[in-house]
Every structure is written in C-alpha cells, then in structure tokens.
There are 4 protein chains.
Amino acid sequence: MITIMSENNVNAYLLFTCPDQNGIVAKITQFIYETGGNIIDLDEHVNQNQQFFSLRIAWNMSKSKVPASELHEAFEPLAKQFDAHWSIEFSHHKQRVAIFVSKYDHCLQEILWRFNMNEYDIEIPVIISNHPDLEHLAEANGIPYHIFPITKENKQEQEAKEIALLKEYNIDFVVLARYMQVLSPQFINAFKNKIINIHHSFLPGFVGGNPYKQAYERGVKMIGATSHFVTEDLDEGPIIEQDIMRITHKDTIKDLIRKGRDLERIVLARALGYKSEHRIIVDGTRTIVF
Amino acid sequence: MITIMSENNVNAYLLFTCPDQNGIVAKITQFIYETGGNIIDLDEHVNQNQQFFSLRIAWNMSKSKVPASELHEAFEPLAKQFDAHWSIEFSHHKQRVAIFVSKYDHCLQEILWRFNMNEYDIEIPVIISNHPDLEHLAEANGIPYHIFPITKENKQEQEAKEIALLKEYNIDFVVLARYMQVLSPQFINAFKNKIINIHHSFLPGFVGGNPYKQAYERGVKMIGATSHFVTEDLDEGPIIEQDIMRITHKDTIKDLIRKGRDLERIVLARALGYKSEHRIIVDGTRTIVF
Amino acid sequence: MITIMSENNVNAYLLFTCPDQNGIVAKITQFIYETGGNIIDLDEHVNQNQQFFSLRIAWNMSKSKVPASELHEAFEPLAKQFDAHWSIEFSHHKQRVAIFVSKYDHCLQEILWRFNMNEYDIEIPVIISNHPDLEHLAEANGIPYHIFPITKENKQEQEAKEIALLKEYNIDFVVLARYMQVLSPQFINAFKNKIINIHHSFLPGFVGGNPYKQAYERGVKMIGATSHFVTEDLDEGPIIEQDIMRITHKDTIKDLIRKGRDLERIVLARALGYKSEHRIIVDGTRTIVF
Amino acid sequence: MITIMSENNVNAYLLFTCPDQNGIVAKITQFIYETGGNIIDLDEHVNQNQQFFSLRIAWNMSKSKVPASELHEAFEPLAKQFDAHWSIEFSHHKQRVAIFVSKYDHCLQEILWRFNMNEYDIEIPVIISNHPDLEHLAEANGIPYHIFPITKENKQEQEAKEIALLKEYNIDFVVLARYMQVLSPQFINAFKNKIINIHHSFLPGFVGGNPYKQAYERGVKMIGATSHFVTEDLDEGPIIEQDIMRITHKDTIKDLIRKGRDLERIVLARALGYKSEHRIIVDGTRTIVF
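Residues numbered from 1 in each chain as written. Chains lettered and ligands numbered in written order. Predicted model: local features only at pLDDT ≥ 70, side-chain atom pairs only at ≥ 80, totals over all residues.

Colleague: What is the right way to read the overall build of chain A from this model?
Modeller: A count of helices and strands for chain A gives nine helices and 13 strands. Referenced to the eigenvectors of the C-alpha coordinate spread, the extents of chain A come out at roughly 60 × 45 × 35 Å. Residues classed as buried in chain A amount to 42% of the 290 residues present. For chain A, the share of sequence-separated contacts (at least 6 apart) that also reach a separation of at least 24 residues comes to 71%. (Helix = DSSP H or I, 4+ residues; strand = E, 2+ residues; numbered from the N terminus. Buried ≥ 20, exposed ≤ 12 C-beta atoms within 10 Å, placed from the backbone. Contact = placed C-beta atoms within 7 Å.)

Colleague: So what exactly am I meant to see when it comes to the sheet that holds strand E5 (residues 95-101) of chain B here?
Modeller: Residues and elements named next belong to chain B. On the basis of which strands lie adjacent, the open sheet formed by seven strands has the order E7-E6-E5-E8-E9-E10-E11 and mixed pairing. Among the strands making up the open sheet, the edge pair consists of strand E7 (145-147) and strand E11 (239-246). Strand-to-strand twist across the sheet, computed as the mean angle between neighbouring axes with direction ignored, equals 20°. Across seven bridges, the pairing between strand E10 (residues 222-229) and E11 is antiparallel. Its bridge partner being in E11, Ser227 is matched across the sheet by Glu241. Helix H4 (residues 106-116) rests against E5, strand E6 (122-129), strand E8 (173-176) and strand E9 (195-199) of the sheet, and its axis sits at about 155° to E5. (Pairing = 2+ DSSP bridges. Axes fitted to C-alpha atoms, helices over the stretch in contact; angles between N-to-C directions.)

Colleague: Where do I start with the sheet that holds strand E8 (residues 173-176) of chain A in this structure?
Modeller: Across a sheet, strands are paired by hydrogen bonds formed along the backbone, either parallel or antiparallel in direction. Residue and element names in this part refer to chain A. The sheet built from seven strands is open, its strands ordered E7-E6-E5-E8-E9-E10-E11 with mixed pairing. If you trace the sheet from one side to the other, it starts and ends with strand E7 (145-147) and strand E11 (239-246), each paired once. Put simply, the sheet's adjacent strands are angled 20° from each other on average, direction ignored. Pairing geometry for strand E9 (residues 195-199) and strand E10 (residues 222-229), over four bridges, is antiparallel. Residue His199 lies in a different strand from E10, and its bridge partner there is Thr226. In the packing of helix H4 (residues 106-116) onto the sheet, contacts are made with strand E5 (95-101), strand E6 (122-129), E8 and E9, and the angle to E5 comes to roughly 155°.

Colleague: For this particular structure, what's the right way to read the pairing of strand E1 (residues 11-19) of chain A?
Modeller: Successive side chains on a regular strand alternate, one facing one side of the sheet and the next facing the other. Residues and elements named next belong to chain A. Strand direction decides the pairing type here: E1 and strand E3 (residues 52-60), joined by nine bridges, are antiparallel. Residue pairing for E3: Pro19 is matched across the bridge by Phe52. Where E1 meets strand E4 (residues 85-90), six bridges bridge the pair, whose relative direction is antiparallel. Of the residues in E4, the one forming a bridge with Thr17 is His85.

Colleague: Just to check I follow, could you spell out the relation of the copies chain D and chain A for this structure?
Modeller: A rotation about an axis combined with a shift along that same axis relates the two copies of the chain. Relative to chain A, chain D is turned by 180° and slid 0.0 Å along the rotation axis, the superposed coordinates differing by an RMSD of 0.0 Å. Accordingly, the operation relating the two chain copies is best matched by a two-fold axis. In terms of proximity to the rotation axis, the leading residue of chain D is Gly205(D), whose C-alpha is 2.4 Å off the axis. Taken as a fraction of all interface residues of chain D, those also at the interface in chain A reach 100%, which identifies the copy contact as same-surface. (Least-squares fit on C-alpha atoms with pLDDT ≥ 70 in both.)

Colleague: Help me out: how do you make sense of the confidence of the model for chain A in this one?
Modeller: A low pLDDT score tells you not to read the predicted coordinates there in detail. Residues and elements named next belong to chain A. For chain A, the mean per-residue pLDDT works out to 95, and 97% of the residues sit at or above 70. Of the regions scoring below 50 in pLDDT, residues 1-6 engages in one contact with residues more than four places distant in sequence or in other chains. Across the whole predicted complex the pTM is 0.95, and at the interface the ipTM reaches 0.94. (pLDDT = per-residue confidence, 0-100.)

Colleague: Hey, could you run me through helix H4 (residues 106-116) of chain D in this one?
Modeller: Since one α-helical turn is 3.6 residues long, residues separated by three or four positions face the same way. Looking only at H4(D), the buried set comprises Cys107(D), Leu108(D), Glu110(D), Ile111(D), Leu112(D), Trp113(D) and Phe115(D). Backbone geometry just after H4(D) places Asn118(D) at a positive phi near 65°.

Colleague: What is the right way to read the interface of chain C and chain B from this model?
Modeller: By a frequent convention, interface size equals the accessible area lost on bringing the separate parts together. The partner chain B presents 25 residues to the 25 residues of chain C that form the contact. Taken together, the elements giving at least two residues each to the side of chain C that touches chain B come down to helix H8 (211-218), strand E11 (239-246) and strand E13 (286-289) of chain C. Residue classes in the side of chain C that touches chain B are distributed as 10 nonpolar, nine polar and six charged. (Nonpolar A, V, L, I, M, F, W, Y, C, P; charged D, E, K, R; others polar.)

Colleague: So what exactly am I meant to see when it comes to unusual backbone geometry here?
Modeller: Glycine aside, residues mostly have negative phi, and peptide bonds are mostly found in the trans state. The omega torsion of the bond from Leu203(A) to Pro204(A) falls at 10°, within 30 degrees of zero and hence cis. Mapped onto the elements of the fold, Pro204(A) is located in the loop between E9 and helix H8 (211-218). One non-glycine residue with positive phi stands out, namely Phe206(A), at about 60°. Residue placement: Phe206(A) occurs in the loop between E9 and H8. Despite not being glycine, Asn193(D) shows a phi value in the positive range, around 55°. Tracing the chain through its elements places Asn193(D) in the loop between helix H7 (185-190) and strand E9 (195-199).

Colleague: I tried to follow the interface of chain D and chain A on my own but got confused; where do I start?
Modeller: Contacts between the two partners involve 25 residues from chain D and, on the opposite side, 25 residues from chain A. Sorting the residues of the side of chain D that touches chain A by element identifies helix H8 (211-218), strand E11 (239-246) and strand E13 (286-289) of chain D as the ones contributing at least two each. Partitioned by chemical class, the residues of the side of chain D that touches chain A number 10 nonpolar, nine polar and six charged.

Colleague: Looking at this structure, I do not really get the nonpolar core. What am I missing?
Modeller: Nonpolar side chains tend to gather and get buried jointly when the protein is soluble and globular. If you look at the biggest cluster of nonpolar residues, it comprises 322 residues, and the most contacted ones within it are Ala177(A), Ala177(B), Ala177(C) and Ala177(D). The contacts of Ala177(A), once residues within four sequence positions are left out, are Ile99(A), Phe100(A), Val101(A), Cys107(A), Leu108(A), Ile111(A), Ile198(A) and Leu268(A). (Core = buried A, V, L, I, M, F, W, Y, C linked by C-beta atoms within 7 Å.)

Colleague: Please explain the domain arrangement of chain A as it appears in this structure.
Modeller: Residues and elements named next belong to chain A. Partitioning chain A into structural domains gives domain 1 (2-90) and domain 2 (95-289). If you average the C-alpha positions of domain 1 and of domain 2, the two centres end up 30 Å apart. Taken together, the contact between domain 1 and domain 2 spans nine residues of the former and five residues of the latter. Elements with a contribution of two residues or more to the side of domain 1 that touches domain 2: E1 and E3. Partitioned by chemical class, the residues of the side of domain 1 that touches domain 2 number three nonpolar, four polar and two charged. (Domains from an automatic or database assignment.)

Colleague: Hey, could you run me through the packing of H4(D) against helix H9 (residues 253-276) of chain D in this one?
Modeller: All names here are of chain D. Put simply, H4 and H9 touch, their axes get as near as 9 Å, and they point 45° apart. The orientation of H4 relative to H9 falls into the category oblique. Judged by the twist between their axes, the crossing of H4 over H9 is right-handed. Contact residues: H4 offers His106, Cys107, Glu110, Ile111 and Arg114, while H9 offers Arg261, Glu264, Arg265, Leu268, Ala269 and Leu272. (Parallel < 35°, antiparallel > 145°, perpendicular 65-115°, else oblique. Left-handed = near helix turned anticlockwise from the far one by under 90°.)

Colleague: Before we go on, may I ask you to explain the environment of Ile99(A) in this structure?
Modeller: Residue and element names in this part refer to chain A. Counting through the fold element by element, Ile99 comes out in strand E5. Distance from Ile99 to Ile195, taken between C-alpha atoms, is 9.8 Å for residues 96 residues apart in sequence. Excluding residues within four positions of it along the chain, Ile99 makes contact with Leu108, Ile111, Ile124, Ile127, Val175 and Ala177.

Colleague: Explanation requested: the pairing of E13(D) in the structure shown.
Modeller: All names here are of chain D. A two-sided burial pattern is seen for E13, the buried positions comprising Arg286 and Ile288 on one face and Thr287 and Val289 on the other. Pairing between strand E12 (residues 280-283) and E13: four bridges, direction antiparallel. Directly across from Ile280, in E13, lies its bridge partner Val289. What sits between E12 and E13 in their antiparallel hairpin is a turn of two residues, with Gly284 showing a positive phi close to 70°.

Colleague: Is there a simple way to explain the environment of Val101(D) in this structure?
Modeller: All names here are of chain D. With respect to the secondary-structure elements, Val101 resides in strand E5 (residues 95-101). Each C-alpha atom, one on Val101 and one on His131, is 8.0 Å from the other, the two residues being 30 residues apart in sequence. Setting aside residues no more than four positions away along its own chain, Val101 makes contact with Leu108, Ile127, Ser129, Leu134, Ala177, Arg178 and Tyr179.

Colleague: For this particular structure, what's the right way to read the environment of Ile171(D)?
Modeller: Residues and elements named next belong to chain D. Mapping Ile171 onto the fold places it in the loop between helix H6 (155-168) and strand E8 (173-176). Remark: the alpha-carbon pair of Ile171 and Lys194, spanning 23 residues in sequence, is separated by 9.7 Å. Aside from chain neighbours lying at most four places away, what touches Ile171 is Arg96, Val97, Ala98 and Leu166.

Here's what the structure looks like:
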C-alpha cells in the first residue's frame, strides 16, 4: 500500500533515559534490528555518578516491518523493562515551533533565513509578540503574527490566551527570540523543557537586565551568549549551547551590543537545530546534547 | 586466582570496521552483554557513501565471564561474519610509545609533562634523536635516549637500526615530536598508520619547509598546526587533529614561530591522547576520531 | 555658515604609507593639532624589514579651523616631504559599494541585514548579477538590480558594460558576494585593491572550485573562509580576513556547505566593515588591517 | 663613552594616562623625536566617557641625545602640563618577578619553560611557597625557593616576612601561579596592581572555591580561566586576560580539572607576558591591554 510505504519511508528518533544497567544498548538495538530498522546514528551516555543512562538512536524505517503508527506500542514493553523515560519521533511529523519576539529582529531574521534554507526540519505556524514591530517579517514569510501587549495588570490573562493559541496551533516547542517579557510559572509549567531562550551573556555571569553594560563595567575580555531551557528561576535553566567572542578595551557598550547580536543569532540558531533534530535530553540542571 | 581477577578488572577497547549492513551494533553489543561486559562508551559511524561502517566500544570487564586472554578468540567468529577489520586492546596493556626528536624541546616537554601528570595511559620506554641536544630531558625523566645522527649516506643503515630498536622495545606507535628528518618508505611501511607527526601549518596550506615564513609571506590572518599519520607523501597523511591561532600584521616571522610553538604542543598532545585511548580509525585519506 | 559647520562636523580618516624615518607621527599629529582636530584613534605599523611605515588616524573635525574641502591641499606639503602614498576620507562622504551576486543569497542577505541595522556607514546604490534569482532581495531593499548574463562569447562586452555602470554609479569599491564568475584582468585593473571577494576555504588551502569537496576528501578537521582583494591570480590576492570552524568525520560535504555558509557570511561581513571604516592598507601580498 | 652608549642602546616604554585633551600625542611624539628616539610601537585609547586618555609608546634610544638616566627628568615638565600619571621603563632594566606557588606545578612549569625559551624579558629571582612540594623545580632552574607555611595563627607574621623578602629581592611584580592562599589586605596594598592571579573560571562566573565543580553542576558548555590583578575583593580585580574551551556532557569534574589546566597555563602565561612588556594600564575595574 502506498500510504503504508510512505509512512514507513521515514526516520525514527529515540530519546531514552533510565537507571543504568547492563544490556540496554544490546536489547534496544536488537529491537531495531528485528523490526527491520537501519541505524543511522547512535550515541549514549552514562552520567558521572553512574546512575543515569541516556541514549539517542536515529534509524531509517524504509524496510521496517512495523509501521510508524505501531512502533510506540511495539517498543513499550522493552521500555517498561528498564523503567525508562522515552520518546520516539518521526521525520514525517515535523515539529511545530512558535517563535516569540518583541522589537529586536536579528534572532527572528536568522531563524527565518535558516528555515527558508531548509536547515531545520520544522514548521513555524505562528509568531507571537507583545509588540507590532516585526509583523512585516512574519507577513513576508506568510506566517500568522499575533500581538499580545503585556502589562502588569493583563499579564495573566494575556498569557492564558497565548497558551490557548499555542495549543490550538498544536505547538511542540517555543523559541523566545529576544522576547523581552518574563514568563509566569503557569506558562513555563505548561511547556516544561519546551521553551528555549537566548540570554545575551555567558551564563552564569551577568544574569538579569543589561548584561552588556554589566560586562563592560566588569571589564571582561570576552562576551558570550547562552541558550537555555526556561525554568521558574530566571536565567538558571539547563544550558543547551553557549559561545563567546573576544573583545578589547576599545569596545564601548554599543560595540558589545552590536557584536553580541552575532553571538545571540548563532547560539540560538544552533540550540533550535539541536532541539529540532531531537538531540537534547535534560538531566536535572544539565543538558545532554547528542 | 588473583592473576585472573586482575586480568579481568580492566577495560576493553574495540575498534571495528566493515562494509555496512543491518544488525552490526545489535550483535556486537549482545556479545558484550553475554560475556558480562558493561559498556562505558560507544560511538559508531557510517561514512558518506554509506559503505564503510566503523565502531568503537569501550567496556568494563570487572564482571566478565571471559578472561581478557580469551576474548579475541571468543570475538573472532562474529568479526568474520561481518568481514571486519578489528582490534581489541586492554587497559592492562599500556601502549608503548617511542618519541623521536631533534633539537626543539617544546613538543617533547609537553608530552613528558602530561605523561608525568598521568594524562596518558601509556609507557614511553625510549626517546630517539638524530642530535644529542635533548638528552638531559630524557635523563631527568629516566627514559633511555638513543642518538642516530643521519646523513644522506648513512640514512638507510641508521633507520634499519632504529627499526630494530623499536622492535626490541616492543613499540606500539611512534610520535615525531618535531623530528626534522624525512622518514624513508621502508620505515613508514614498517609502522603503517603508527607514526604520528606534527606539521607546523594548517594543512594542506604550506607543506614542506619553513611554513611560518610561507605564512608570513602569504599574509594569512591565522596560523595553524596539524597532526597526521605519516605516509610516503610528505605532509599528505590522514589528519588526526588541527588547531589555529589568530595573528595580525604586527606579527613577524619570529612571532609566528613563537606563537606557533603553543599550537604545535597542544595539537600533538591531543593527537597522542586520541591514539592512546584507541579512538582513531583510518578511512583512506581521512581519519575517524571517536 | 550652516553649510561649513556641517561640513566640518565630521570625522577624517587618514591612511598613510611611506619609507620609514623618524618623526613622522610627531609631524602628522602636530598638523592635526594645529588644524584643530581631535584624534579619536591612531594606529601605526612598521613592517618586518623596517622599510614600510603605515599609519591610520581618525580625528574629529567639529572644531577644525580648516574645512574638509581644503584639508587635502593643506596636508599635501607634509605628505610630499615623506614621499608618501596617502588618502583622507570624510565621514560625510559615505563610500558607495556595488554588490555582485549570482544565485546564493546568504552573503547578500547578511550584508543587507547589517546595512539596514546601520552597522556600515556606506551606500549600496546598485546590485549586479549574472542571474535574475536574487532580484526580489534588491527590490525589497529598494536597490536597483542589473542583470548581465555572462557567456564565454559576451564576457568582454558585458564586463565593459558593468564597468561603465560602476563609473556611472560612482562606485568606490566592489564586493563579490559569492559571485560565480572569474573577472577579467581588465575589470580587476580598473578597480585595483577595490574588489573584495569571499572564498569558501582557508586559503591557501583548496583554491579553485569545490573547496568543500576538496576539504572533505583531504579530511581536514576544520573548514574556513577567506576574504581577500581580487588580483589577476585566482585566490591569490591580499587576505583581509579569515575564520574557521571545527568539523568532524560525521560531517558530509553537504554539512560542510551548510556550515560553511555561516563562515562565509561572517568573514565577508567583517572584511566589508574594515574597508568601510578605512582600516585596510595593502602592503604587497599582505594587508595591514588597523 | 662606552657606558653611555650602552645605556642608550635600549628601548624605552612609556605608559601614560591623563584627562583627555587635544594635542597630547603631538607633544609627546614631538618630545621623542627631539630627543632622537625612533618610535617602534604606539597605541592610544580614550575611554567610553571620553575622560580618560591612555597611551603606550615604545621607542628605540640607540641614537638618543638624552641618556636613559636623564629621561625621567627631561619628560617630567611635559607630563605635569597634562596632569598625568606615567612611567617610563627601559629594556636594560629587566623586571624582577616573584612566583608564588602551592602544590600544583602546571602554571609554574609553563612560566619556567617560557622563561627558559627567552619569551619573557624578565628575571625570576625567587619562588615562594606555602609548601615544599615544588622545590625541585626551583632547584632545577637555579632559583631560590622560600617556604612559608601559612596557618590562621601565623598568617600576618608570615606575610610580613614574605613582604620583607620581596623588598629585599627588589621585586617589581608578583605572579600567583595557583597559590592557594588568600592574601591579606596589607599584602595586597603593599603591591597594588602588581599581583597577578589566575582563577580557574570564566569570571565573573564561579568565584571562590571549586569552580570546576560549580561549572559541572551548572552544566555550562564551556569552561574558562581568568587572569586578573588581585584586589581586596576576592576574584573581583581588574581582568587582564581570559580564555575558554568547549566541553560536553561527557566531561566529568575530573576531565574539567585536566582540561582546565591547559587554560590556566596559557592565560596566566599571556598575562605575565603583557605585564612584562609594559602593556597594561588599570582604569578602575577594567584594564587596557595595549
């Protein structure tokens, strides 16, 4: 059947964590072999205290004996045996990503450019903002743009609408592309480990506002940017990616802001790439990026 | 028996390549599981043209049902099934490394310092040179130092002696730590993919002599260093590791030589580390560094 | 007079080279002091063989006693005294830059984004291409887009038209933003040291076509990009800026092309920035970037 | 006169700061020109708020009409005119550096190796430690090694002896090469902006003890090292140099310690180099490194 063929001609991505024990890789790779999968990529890790085993396997299902729609059910007994947390995603289901922005365009521009270059295997069904400034970019890319102005008074109400919109759009994860609002715990908990932020410093240095001003005043010789999952503790969530750039005494705060834009763009773009390829596992305050 | 216990309380390192097919990882990890091994690290790769499968697995044998001395025999049938090239090394056999030097001390110093810090799980039973200059360093570290002055006339003869000495010392691989002689094909073939060199440029740029002078004259904005396996084609062997450093118009050739020393030290040190941890597979003109 | 005030409320940029001798800096800074200039930035360099002195000074003219329009004449006697090559540019004359493109959009996008962010103090009066593909980008930015399809037969004729167009637009320098045509010596000599190219390798490695394929096959561990002035010798012109990115055996040629785009963008963007700020002096096969 | 000739055949290094005004560079370079000096290197900077002018000039005195011994007096009137802080050092007076260590050898080894390679134009007349562990290294390099064990009770007394020893040895500045004691305010004030420390994190992240453990637990994707002047506020002094290294989830705390050693070595070595070449000016909480 053509439908089944097409459903099977996809890649599967397993993310899997469990308490460490012998034989996990053997049994899981045996499962894949028996279902007719062809492993493309495999990476595993046992953390420092030897307790937390994690695994990512990507395999091609073009000759799979089990259709994608039945793979979860087929895999479940094995996962239960290891008391695992796991997910299997398929390349024929593109993850649906919502971008949040305020007034700065550089991170959004970067993401849209890569999206249009087909660097990401995702869909961007919606862009959400507290300001109208970047609507033209959404429009030029044919993406709906929703504006929710935020004040102290209306924040809870507006966030509720945003959450409803995200559910309506069936959003898999959220990217804050220099979105200049702190999300409430309700919002964060509704998308646990599914909200990626970019902070314009090398965390844990310079949390909070005006990190480039802080960096200038401290006299650091390099500036950085950090992409992390959003948790209730501001700028404390698990770090996905960081990068830095050398500066000198000649750079003013304005120079740091200008140069930092390049870091913010590239670091957020990489983090989004890792997430879109199902490469990230959160282990407490840390991430494993396979 | 104490001897057997001790023999088993080791790590095994498998390097394995074969034509790609399904089920390789499943069968090999099943073998390790059945022999009581506990996988520490696993990395695999299929090359771009989808033909060449390569795999590295490190596992702990403390609960192994098969002693290290019998593991090769036990594994061989599986390897034959996949028509594989493979090796299994054990942590209780420290690789024996010979260092070749001439007059520059920086690479030798770096290796000896790391060796003394226990960064490498190797033995350095001998240092060989065409000059007496660095004998004091060998002496201070209690390592025999053999001098073989090389001229056009005596080259073949001296190399024959060196090869004999390397065999006598049971050398596993050779590191050329700024050894300023071109090795003959006979020597190279006697240690195929077992001679690691450091070249003081970002290959393939600036092959041959005086690469810093070449770099200065070309006006590059970065200099580099490259560690590679030695083949008959000068500076053309498979690259193991490279790194670079930013320079400016202010740097003279003398500055490049001085700054480049830092690159040479670190790049060769890393390459030696990868080799000592059984991480390198040669795939034609390329290396896979797991 | 308002006109004169405005003409004077500008920065001047001196680029100056001459045979080295004592007292050059003293006399030139004395000149600036006496004309009422306030030095913002000063950088000088004497090359390795101690023959070639070069200097860049930026100064503010808001309190200048000599109007910008008379500064050349006022400075000339001093320059003659040192037998110098020199230029003085003013911030109220924005350099006029022509961008050449073919089908790839990433370098053009990057330049236009920075241009719109006011990172460059330039004008882009025209974009020229041998293909119609990127016309929409020019249009969206309100920049005229001229198409000159090139064949072996019409090359000379088309280039003549291009040169005429550049003169008509009063172009100060040209940026080849992945323009996929080799320029003829006539074209190059008409704009000596005024054509900036981006080559997608770490020169001098991998000159010519398909550098990412060459890089893959050589098995380098880092890829690079190089921006340079165009000379008659392909990929041999004075290098302005380079950067690199680490890769691994996992990266296919397709990955290198994708990752390399980020390098090409940033390296060309930096080179254009240096040129637009009058920071580059060509010293034979090398550049001095102040 | 041979004595005067030899005294004059040296380089002079001026470090100069004052409130910004016009004509400073003109007058100082005129002074150098008139005394027969030949400028080798000149770099100047006006800080962001346009108040603080700083300047470094290196010039050769081989044809100087004023002997080095009289240059201070000759320059003083000019300096007074600008209300400047300034110093002139000469290449025939090698700065005298004391190294403080505890038990880790890597930073000391690095400094001694570079010192022996003549990378630094300094003298190291004494090494001071609170432990006997590294005496063999001092001995092998023919440098006196003084041990001052520190306890809470004897700290004040021992530091007094150390200060006396430093004065006796005529020490110009101090390098803490992983010296594991916090210096008292008395000690610090006796050598204001003359004590260089290496901290094993990318400051301001991870101040205080166990920064690699802190880094592991925070899950950063890069580790760093920072060299700074010591002030009374722990790890808060003006930063001279920083660098970073990429890590992954695979790195244990032990790996971070091992990898971090390479950063600590190189960052401290660079900071020492800048200081030895009279390149550093302290501007409040920041440094200018010319």
